[in-house]
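Here's the letter readout for the chains.
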Amino acid sequence: MSATAIILIAVVAVVILGAIAFLSLARKSDVRGAGALSAETVQRDKASRSTERKSSAAAEAEAAGVAARTSTSVTTVADKAPVPWSPPDRDAIGVSRRQFLNRATVALMTAGLGTFAAASFLAFLWPSATGGFGGRVPVGRLDEILREVRTGSGFFYASEARTWITAYPAEALPKAELAYDAAMLPGMRAGLVATYQKCPHLGCRVPECLSSQWFECGCHGSQYNRVGEHKGGPAPRGMDHFAIDVSPAGDVIVDTGTVIQGTPLGTNTTGQEAEGPNCVGEADH
Ligand code: FES
């Protein structure tokens, strides 16, 4: 089951539990507290008071009761032996309906929130093996991507991987082997380099500049060549990268689980200069 499905199930569970809690609280607000008379009882009481007529027999009985109470001797506390207190039997008392509902609501809410937290935690710790950013993302066929970056605009954007894919020139491979992380070399030997879209300066998304054939950040003007090497602006290094795997069937997979830090300032393995006007100003060099 994917992380998205787990989170979805957890969210549905929390919504259901929230509805149960709401209904329970709404019912609770109708009751004014322990020992209060219901509205129906109060109404019946008023009606009976207004219509009740004491019979003479009842009046006599009442008078006899009053006389008995006032004429009998009062039993003092000293006359009676103290009765030791014993705690009430919880089983005999039982649990009221309201107590049961309150406890059930709290228990269900706690269980729901616990499930949600556990699912989120597991999804965070257990990134999906394929399909989403943070894992291995298939982005297309090698021949189609190569065709697009070589004969099209020069740039292929893989939105699910938040990655630009561009061509890496074969003649620059000897320099790349010295300058780049070894995890990137299989992709470069296949003719591609995957560059993370996030600017290493302050994190803006860096767009391509079709006229210069560079990446140029609109936030503060950092510029990078087509393989993400720093060419100008305040960024502290070249753009970060991801490793590329090409399956035996020719499918290109970008491993976004590990960000490979960009090359240091001054790295220039391809020698590519701006091929036209810059989009955000001139480079520093
Ligand atoms: S965020 Fe790109 S140059 Fe500042």
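Going by the structure above, here's the rest.
Predicted, not measured: the structure shown is a model, and the values here were computed from it.

A. Seen up close, the sheet that holds strand E9 (residues 241-246). Here we have six strands laid out as an open sheet, ordered E1-E10-E9-E4-E3-E2, and antiparallel in their pairing. Looking at strand neighbours, the two that pair on one side only are strand E1 (136-141) and strand E2 (156-158), the edges of this open sheet. Neighbour to neighbour, the strand axes of the sheet diverge by 30° on average, direction disregarded. Of the pairings in the sheet, the one linking E1 to strand E10 (residues 251-260) comprises five bridges and is antiparallel in character.

B. Main features of the pairing of E9. Taken together, the two bridges between strand E4 (residues 192-196) and E9 define a ladder with antiparallel strand orientation. Residue pairing across strands places Thr-195 opposite His-241, the latter belonging to E9. Pairing of E9 with E10 involves five bridges; the strand directions are antiparallel. Bridge pairing links Ala-243 to Asp-255 in E10. A loop of four residues connects E9 with E10, the two strands running antiparallel in sequence, and Gly-250 in this loop sits at a positive phi of about 95°.

C. Region of the structure containing the environment of Gln-272. Mapped onto the secondary structure, Gln-272 falls in the segment after E10. Classification of Gln-272 by C-beta neighbours within 10 Å gives partly exposed; the count is 17. When the C-alpha atoms of Gln-272 and Trp-214 are compared, they prove to be 8.9 Å apart, with 58 residues separating the residues in sequence. Ignoring any residue separated from it by four or fewer positions in sequence, one finds Gln-272 in contact with Asn-225 and Arg-226.

Cut-offs applied
- Residues numbered from 1 in each chain as written.
- Predicted model: local features only at pLDDT ≥ 70, side-chain atom pairs only at ≥ 80, totals over all residues.
- Pairing = 2+ DSSP bridges.
- Helix = DSSP H or I, 4+ residues; strand = E, 2+ residues; numbered from the N terminus.
- Axes fitted to C-alpha atoms, helices over the stretch in contact; angles between N-to-C directions.
- Buried ≥ 20, exposed ≤ 12 C-beta atoms within 10 Å, placed from the backbone.
- Contact = placed C-beta atoms within 7 Å.

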